[in-house]
Amino acid sequence: MMPGQHIDVTVLPTYRFGHRSPLWWGTVAFVVIEGLGFIFVIAAYLYLHTQNPRWPINPPPDLLWGSLLTVLLIVSEAPNVWTKRAAQSQDLRRTRIGVLVMAAIGVVAIGLRVLEFTTLNVRWDTNAYGSILWVLIGLHTAHLITDVVETLVFAVMLFAGPLDARRFTEVEENQAYWDFVVIAWIPVYITMYWLPRWFAGG
Amino acid sequence: MFGYPAVVLSIIANAILSFGLWVHHMYATGLPRLGNSFFAASSMSIAIPAGIIIFCWIATMASGRVQLRLPMLWIVSFFVLFVIGGLSGVMLASVPLDLQLTDTYAVPGHIHYVLLGGAVAPLLGALVFWFPKVTGRMLDTRPGVLQWALFLVGSFVTFGAMFVLGASGMTRRVYTYPHAMPWDTLNLVASIGAWTIGASFVVLLFNLARAYVRPVAAPVNPWGAAGLEWATPSPPPVYNFEVLPQVASRTPLWEVAQPPSVRGLRVDQREVLVTTVAEAQPDMRDPVPDPSIWPLIAAIVTSVILIASIFTPQAIAWGALPFAAVMVAWLYPRRIMAPTPDQVGPQAARS
């Protein structure tokens, strides 16, 4: 910057993408905070594992619905990245399609999650194992529902308006949030479903 | 500021080390050997970043042009008192010495050097420094110097006496002791010192009242300070600056008396200027949302949910629905703040 010269910022845009957008920094900070939340809950799960001679205390959750959801989430990254790129290239038609697809995937994911809740094989108030299992899946479900609701709101917004190019930045960050929902689920899935099978007993 | 990056890193190091030294308050409670060693080591190692900071302060004064006016008097006495408090604290990090001095008057002596030196003295320095900017009125120098002198002398007398009392065995948290103990004189001295500190605050109140009754108008920058606030009138208007000033260094007013401005922000829509992270080049005009009733509604809904959750956990689950609706209503965009998609999208590029 040249001191002594006045700067004219009239030409600057009112939106940016990626790390030049304040929204991106907000998303990063949010992911750091919530990611630590997942780490702490998994640490609590593992701590309880070390403190109990028999783990899991009840049979582990059935594999079917949770695994189907995992596959769906991983596969959903393809349309998710496609939607993010559509938003970054400021293409309204493709962004609309992508957000609608992601909203549909999100609704199906919530449906699978509901079925998954029926096969956890333990209630939240049965014992410490049940409690930490429900906290673990509950934390992820909170994020899943939050992002799907957000995606549905964007689906409405992209058709009903008010439409300006700031929507593209917002969609970009909404899809980044979905990245987090998917990535955070992998260690939770392994912790809930596979650790008790690999290290059954005590 | 001499060694600015070193000072910043040292403050961060202080913050990190602070998480691992609090057990030095509990040596006398009976700890495992490892605990004693770990917390003694972390308590002593904080002397390294603290020492870096203090030497940078001294180097800053040595390499600058010190104006020994009222705020600087407070800051220099802050350095002196705080260093004494710090050195007497690092001593206590050593477990054998701490076991001797625990629960004696030496510990309150140490902490008061730290607290009055490290917090109260710079607070009062900040008061006399920014009082002209906040109120538009000058504080009188002579009562100010008198207040400073009473405070400094009172601190040394009171807390110095406490060191000696503690070293000669007087325990803390007692309101009396047998007359046969040889502590009478020093306690009297400490009391006189404490009353001296009290008197210094009477002088401060007098000085504040005087500025209220017989105001002396403060100039824009009475201290020749470098910070941006000294470019505004005293007191500053609610909008701070008519035009956004441009800053190219940590001491903008020492480079140019009137910083060049940034122009081109809208006047019909509040905007925040966003800069690049490392170079701080203006990069974006971020529109600020208009005033809205929805944050208040969100606060009320949250309160209702939390109060209801005292009676039933169901309140969290069902309350989430109206809360989500309020959040959507709050954050839903209301008007156009950027070019529309047909102006920026691939269609626009084609046409």
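Criteria and thresholds
Residues numbered from 1 in each chain as written. Chains lettered and ligands numbered in written order. Predicted model: local features only at pLDDT ≥ 70, side-chain atom pairs only at ≥ 80, totals over all residues. Heavy atoms only, no water. Helix = DSSP H or I, 4+ residues; strand = E, 2+ residues; numbered from the N terminus. Expected span 1.5 Å × (residues − 1). Buried < 20%, exposed > 50% of the residue type's maximum accessible area, 1.4 Å probe, protein only. Contact = heavy atoms within 4.5 Å. Polar contact = N/O pair within 3.5 Å; in protein donor to acceptor, adjacent residues only side chain to side chain. Buried area = accessible area lost by both parts, 1.4 Å probe. Salt bridge = Lys/Arg side-chain N within 4 Å of Asp/Glu carboxyl O. Nonpolar A, V, L, I, M, F, W, Y, C, P; charged D, E, K, R; others polar. Pairing = 2+ DSSP bridges.

### Quick word on helix α3 (residues 92-117) of chain A
So, point 1. Spanning 26 residues, α3 of chain A covers 37 Å between terminal C-alpha atoms, matching the ideal 38 Å at 1.5 Å per step.
So, point 2. For α3 of chain A, every residue scored as buried is listed here: Leu-92, Thr-95, Gly-98, Val-99, Met-102, Ala-103, Ile-105, Gly-106, Ala-109, Leu-112, Arg-113 and Glu-116 of chain A.
So, point 3. In this structure, the buried residues of α3 of chain A make contact with α2 (63-88), α4 (128-160) and α5 (166-198) of chain A together with α12 (341-344) of chain B.
So, point 4. The residue sitting at the N-terminus of α3 of chain A and contributing the capping side-chain oxygen is Asp-91 of chain A; that oxygen lies 3.2 Å from the backbone nitrogen of Arg-93 of chain A.

### Section: the interface of chain A and chain B
So, point 1. Listed by partner, the interface residues are 34 residues for chain A and 35 residues for chain B.
So, point 2. Of the roughly 3000 Å² buried between chain A and chain B on both sides combined, carbon and sulfur atoms contribute 62%.
So, point 3. At the junction of chain A with chain B, the criterion picks out three salt bridges.
So, point 4. Across the pair Arg-166 of chain A and Asp-286 of chain B runs a salt bridge whose closest N-O atoms are separated by 3.1 Å.
So, point 5. The interface formed by chain A and chain B holds 16 residue pairs in polar contact (both at pLDDT 80 or more) in total.
So, point 6. Of all the elements in the fold, those that place two or more residues in the side of chain A that touches chain B are β1 (7-8), α1 (22-51), α4 and α5 of chain A.
So, point 7. Tallying contributions element by element places α4 of chain A first for the side of chain A that touches chain B, with four residues.
So, point 8. Each residue belonging to the side of chain A that touches chain B can be placed in one class, and the counts come to 19 nonpolar, eight polar and seven charged.
So, point 9. Alignment of β1 of chain A against strand β2 (residues 261-263) of chain B, held across two bridges, turns out to be parallel. Bridge assignment links Asp-8 of chain A to a residue of β2 of chain B, and that residue is Arg-263 of chain B.

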